[in-house]
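Below are the chains, spelled out letter by letter.
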Amino acid sequence: MEFVGVYVIKQGKNQGKIKESELTGARMIKFSRMDKYPIQLNDVGQRPLVLYLSQPHSAITLRQQGEQLKFNIELITQANIVDTSWDNPISEQTIIGKTSETLKKEIAKNFEDAKAKGIDLFGLEEYVYRHHYALWKQKKSSGKPLLEQSELDHIKIKVNLNHSNTYKLHFDS
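Scope of this entry: the structure provided in the associated data block. Quick caveat, the model's predicted, so the values are computed rather than measured.

The rules behind these values
Residues numbered from 1 in each chain as written. Predicted model: local features only at pLDDT ≥ 70, side-chain atom pairs only at ≥ 80, totals over all residues. Heavy atoms only, no water. Helix = DSSP H or I, 4+ residues; strand = E, 2+ residues; numbered from the N terminus. Buried < 20%, exposed > 50% of the residue type's maximum accessible area, 1.4 Å probe, protein only. Contact = heavy atoms within 4.5 Å. Areas by Shrake-Rupley, 256 points an atom, 1.4 Å probe, with all protein chains shown as cover. Salt bridge = Lys/Arg side-chain N within 4 Å of Asp/Glu carboxyl O. Pairing = 2+ DSSP bridges. Axes fitted to C-alpha atoms, helices over the stretch in contact; angles between N-to-C directions. Parallel < 35°, antiparallel > 145°, perpendicular 65-115°, else oblique. Nonpolar A, V, L, I, M, F, W, Y, C, P; charged D, E, K, R; others polar.

Time to look at the overall build of the protein chain. Of the regular secondary structure elements, the protein chain holds four helices and six strands. Along its sequence from the N terminus, the protein chain presents helices and strands in the succession β-β-α-β-β-β-α-α-α-β. Across the 173 residues of the protein chain, 40% fall into the buried class. Here the contacts in the protein chain between residues at least 6 apart in sequence split such that 67% fall between residues at least 24 apart. Only carbon and sulfur atoms are counted for the fraction: they give 48% of the accessible area of the protein chain, which is about 10500 Å².

It is worth spelling out the pattern of salt bridges at this point. Overall, the coordinates contain seven salt bridges when judged by the stated rule. For lysine 109, the salt bridge goes to aspartate 113, with nearest N and O atoms at 2.7 Å. A residue pair is termed a helical-turn pair when its members lie 3 or 4 positions apart in one helix, as lysine 109 and aspartate 113 do in helix H2 (residues 92-116) at four residues. Between glutamate 126 and arginine 130 there is a salt bridge, with the nearest N and O atoms lying 2.8 Å from each other. A residue pair is termed a helical-turn pair when its members lie 3 or 4 positions apart in one helix, as glutamate 126 and arginine 130 do in helix H3 (residues 124-131) at four residues. Residue glutamate 126 is classed as partly exposed on the basis of its relative accessible area, which comes to 37%.

It is worth spelling out the sheet that holds strand E4 (residues 49-65) at this point. Neighbouring strands of a sheet are bound in pairs by backbone hydrogen bonds; such pairs are parallel or else antiparallel. Ordered in space as E3-E4-E5-E6, the four strands form an open sheet in which the pairing is mixed. Looking at the sheet topology across the chains shown, the edges are occupied by strand E3 (37-41) and strand E6 (150-162). The average angle at which neighbouring strand axes cross in this sheet is 40°, direction not considered. Taken together, the twelve bridges between strand E5 (residues 68-84) and E6 define a ladder with parallel strand orientation. Paired with asparagine 80 across the strands is asparagine 162, a residue of E6. Of the strands in this sheet, E3, E4, E5 and E6 touch H2, which is tilted by about 150° from E6. Across the face of the sheet, H3 comes into contact with E4 and E5 while running at roughly 50° to E4.

In terms of backbone geometry, most residues other than glycine have negative phi values and most peptide bonds are trans. For glutamine 55, which is not a glycine, the phi torsion comes out positive at approximately 50°. Summarising the element assignment, glutamine 55 is placed in strand E4. Residue classification places glutamine 55 among the exposed positions, given a relative accessible area of 51%.

A separate point is the packing of H3 against helix H4 (residues 133-141). Where H3 meets H4, the closest approach of the two axes is 5 Å, and the angle between their N-to-C directions is 125°. Relative to H4, the element H3 is oriented oblique. Between H3, through Glu125, Val128, Tyr129 and His131, and H4, the contact on the second element is made entirely by Tyr133, Trp136 and Lys140. Of the residues that constitute the contact of H3 with H4, the class distribution is four nonpolar, one polar and two charged.

What follows is the structure, encoded as structure tokens:
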């Protein structure tokens, strides 16, 4: 069996299909029961480094600017080095920085791709309903879809790098 994506159902209606490649960032935010998620880091002229990300914890906050709803996402995750074939030493901060940068790009891209299809992949409307009911009610009564009025403002990623037993790298200072 091969995982090729998901169909999004809202109020009993099919909203469309999201390919597996368009779920990479959303997995970390919305699917909290995810056990492990591999991420591959590449560097120009280097071979890849593979990490497993686990135990994601995310928080969403909202601020309203005019008619726009601006969402901030904070993600904390554990990372274990699974495979490395980097010839040159690489610092722990470089690994953390590249992982954070990759996740930020994936989250932003997943949001924009799903928004273009009219799919609320991150469950932002549910968040507004549960935590800002008066605002949700006001926005729903306007008749304009909430997703059209939404955008990501800031994405903050914190990666706690743990070393696997076989890849205890000696980082340069």
